[in-house]
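Summary of the model geometry
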Amino acid sequence: MFDAFKSSFNFSKSEPKVDLGEYPLLDHPPHHVGIIMDGNGRWATANGKTRFQGHQAGTENLRRVMEHSTDFGVKMLTIYAFSTENWKRPPLEVRGLMKILENVVDNELENLKRNGVQLRHLGQLDKLEPVLAKKILYAIDFTKEGQKLVLNIAFNYGGRSEIIQAIKRLMLDKIPPEAVTEELLSHYMYTADSPDPDLIIRTSGEFRTSNFMIWQAAYAEYYITPTYWPDFGKAEYYQALADYCKRDRRYGGRNG
Ligand code: FPP
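Residues numbered from 1 in each chain as written. Predicted model: local features only at pLDDT ≥ 70, side-chain atom pairs only at ≥ 80, totals over all residues. Heavy atoms only, no water.

Regarding the confidence of the model for the chain
Overall, the predicted model of the chain reaches an average pLDDT of 92, with 91% of residues at or above 70. Across residues 1-18, confidence stays below pLDDT 50; counting only partners more than four residues off in sequence or on other chains, it has 54 contacts. (pLDDT = per-residue confidence, 0-100. Contact = heavy atoms within 4.5 Å.)

Right, dumping it as C-alpha cells:
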C-alpha cells in the first residue's frame, strides 16, 4: 500500500535547472522558510483520490520544493508534517502519515545525503513508536554533514508544547528567573541552534498559525495562498520568495 512513497524524495534529474531568465536571481532570499503544507485532503477530494493519495501527492511536492529551495538560495526549510493535534485524525490516516516518514528514513537517506540535505527533527520523539524514533535519530546522524539545505521535519510538533518543554528544562537546569531572557529561552526550543524563520508559507487559504513555530515566528513574514499543497509549484514558490524580497522588515522599529 505504501510502496508508492518509496520513490519520494529522490531528487529526480528530470526537472530542468533554474532558468535564470524565467526566475531571475533573488536579491536576498529568505534564509529560513517554514511551510504549513495544508490542503492535501481537499486536493484529494477535488481530484477524486483518497486522503492517503493526497498525502502521497503532498510528499512528492515536498521533494520538488526541496530541490527548488536549493535552486533559489533557501538554506533551511521547516515543514509541518504532523502536529500534536493530528493524533485526533482517524487511526488509518495517522498510521499513513507515520509510514510516510518511516519510508523517507528507510529509503531516502542516501539520496538526501548525496544532495547535501541535513535532516533534523522538531517535536516530541518519545510519543512515537520506539522503532520510528530510533530511525529518525539515525537519519539525523547519517545526514549531519549536509551543507546545502537543512530540512527540519516538524513531526509530532506543537508550538505550545515546545514552549512548555523548554520551561520544564529551564527549571530542571535551575535557571534563576533573572537569568531568563528571550535568547536563553530560544536555546531551549527544538530549534536551539537555528535562526528564526524569515518567511512562513501556508497553502490552502487558511489564515491561522495552527500552533506552528509560534515562538520563532514572532517577526516572520507570511505568504498565504489558496493553492492546495500538492499543487504549490515552482513558479508560485518563486513568487512567494520574490514577494518576501519586497517586504520591509522593521522588527517593530521604523525606517527613516
Ligand atoms: C495537511 O493537509 C497536511 C498534513 C496534516 C500532513 C502533511 C504531510 C505531508 C505533505 C507528507 C510529508 C511528510 C513527511 C513526514 C516528510 P490536510 O490533510 O489537513 O488537508 P485538508 O485540510 O484539505 O483536509
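Re the sheet that holds strand β4 (residues 149-157)
Taken in spatial order, the six strands make up an open sheet running β3-β4-β2-β1-β5-β6, and their pairing is parallel. Of all the strands in the sheet, the pair left with one neighbour each is β3 (117-122) and β6 (221-224). Each neighbouring strand pair of the sheet contributes to a mean axis angle of 20 degrees, computed without reference to strand direction. Of the strand pairs in this sheet, strand β1 (residues 32-36) and strand β2 (residues 76-83) are connected by five bridges, and their pairing is parallel. Pairing of His32 across the sheet is with Met76, part of β2. (Pairing = 2+ DSSP bridges. Helix = DSSP H or I, 4+ residues; strand = E, 2+ residues; numbered from the N terminus. Axes fitted to C-alpha atoms, helices over the stretch in contact; angles between N-to-C directions.)

Re the packing of aromatic side chains
If you walk through the whole model with that rule in mind, you get 13 aromatic pairs. Sitting over the face of the ring of Phe142, Lys113 holds its NZ or CZ atom 4.1 Å from the ring centroid. (Phe/Tyr/Trp six-rings, centres within 6.5 Å; stacked < 30°, edge-to-face > 60°. Lys NZ or Arg CZ within 6 Å of the ring centre and 35° of its normal.)

Some words on the pairing of strand β5 (residues 199-202)
In β5, alternate side chains face the same way, and those of Leu199 and Ile201 on one face and Ile200 and Arg202 on the other are all buried. Here four bridges tie β1 to β5, and the two strands are oriented parallel to one another. Along β5, the bridge assignment pairs Val33 with Leu199. Bridging between β5 and β6 involves four bridges; their strand directions are parallel. What sits directly across from Ile201, in β6, is Tyr223. (Buried < 20%, exposed > 50% of the residue type's maximum accessible area, 1.4 Å probe, protein only.)

Here's the deal with helix α3 (residues 91-107)
In this model, α3 (17 residues) spans 24 Å end to end at C-alpha, consistent with the 24 Å of a helix rising 1.5 Å per residue. Restricting attention to buried positions, one finds in α3 the residues Glu93, Val94, Gly96, Leu97, Met98, Ile100, Leu101, Glu102, Asn103, Val104 and Val105. Those residues of α3 that are buried lie in contact with α2 (51-72), β2, α4 (109-114), α5 (130-142) and β4. (Expected span 1.5 Å × (residues − 1).)

Regarding the pairing of β2
With seven of eight residues buried, β2 is to be regarded as a mostly interior element. In this sheet, β4 lies alongside β2 in parallel orientation, the contact comprising seven bridges. Bridge assignment links Met76 to a residue of β4, and that residue is Val150.

Things to note about the layout of surface pockets
Roughly 650 Å³ of internal volume is contained in the largest pocket. If you trace the largest pocket, you find 30 residues lining it, with Met37, Tyr80, Ala81, Asn86 and Arg89 closest to the centre. For the lining of the largest pocket, the secondary structure elements donating two or more residues are α1 (40-46), α2, β2, α3 and β4. Among the residues forming the lining of the largest pocket, the class breakdown is 15 nonpolar, nine polar and six charged. (1 Å grid on protein atoms, 1.4 Å probe; cavity = no way out; pocket = protein on both sides within 12 Å on 5 of 7 lines; lining within 4 Å. Points joined across faces, edges and corners; volume = space filled by probe spheres on them. Nonpolar A, V, L, I, M, F, W, Y, C, P; charged D, E, K, R; others polar.)

Examining the site of the ligand
Residues in close proximity to the ligand total 19 residues, the closest being Asp38, Gly41, Arg42, Arg51 and Arg89. For the ligand, an oxygen atom lies 3.2 Å from a polar atom in the backbone of Asn40. One nitrogen or oxygen atom from the side chain of Arg89 is found 2.7 Å from an oxygen atom belonging to the ligand. Looking at the shell around the ligand, the elements with two or more residues in it are α1, α2 and α3. Ranked by residue count, the leading element in the shell around the ligand is α2, at five residues. (Near = heavy atom within 4 Å. Polar contact = N/O pair within 3.5 Å; in protein donor to acceptor, adjacent residues only side chain to side chain.)

Observations concerning empty space enclosed by the protein
Summed over the entire model, instances satisfying the criterion amount to one cavity of 30 Å³ or more. The space that makes up the largest cavity amounts to roughly 60 Å³. Lining the largest cavity are Leu101, Val105, Leu119, Arg120, His121, Ile136, Ala139, Ile140, Ile153 and Phe155. Among the secondary structure elements, those contributing two or more residues to the lining of the largest cavity are α3, β3, α5 and β4. Grouping the constituent residues of the lining of the largest cavity by class yields eight nonpolar, one polar and one charged.

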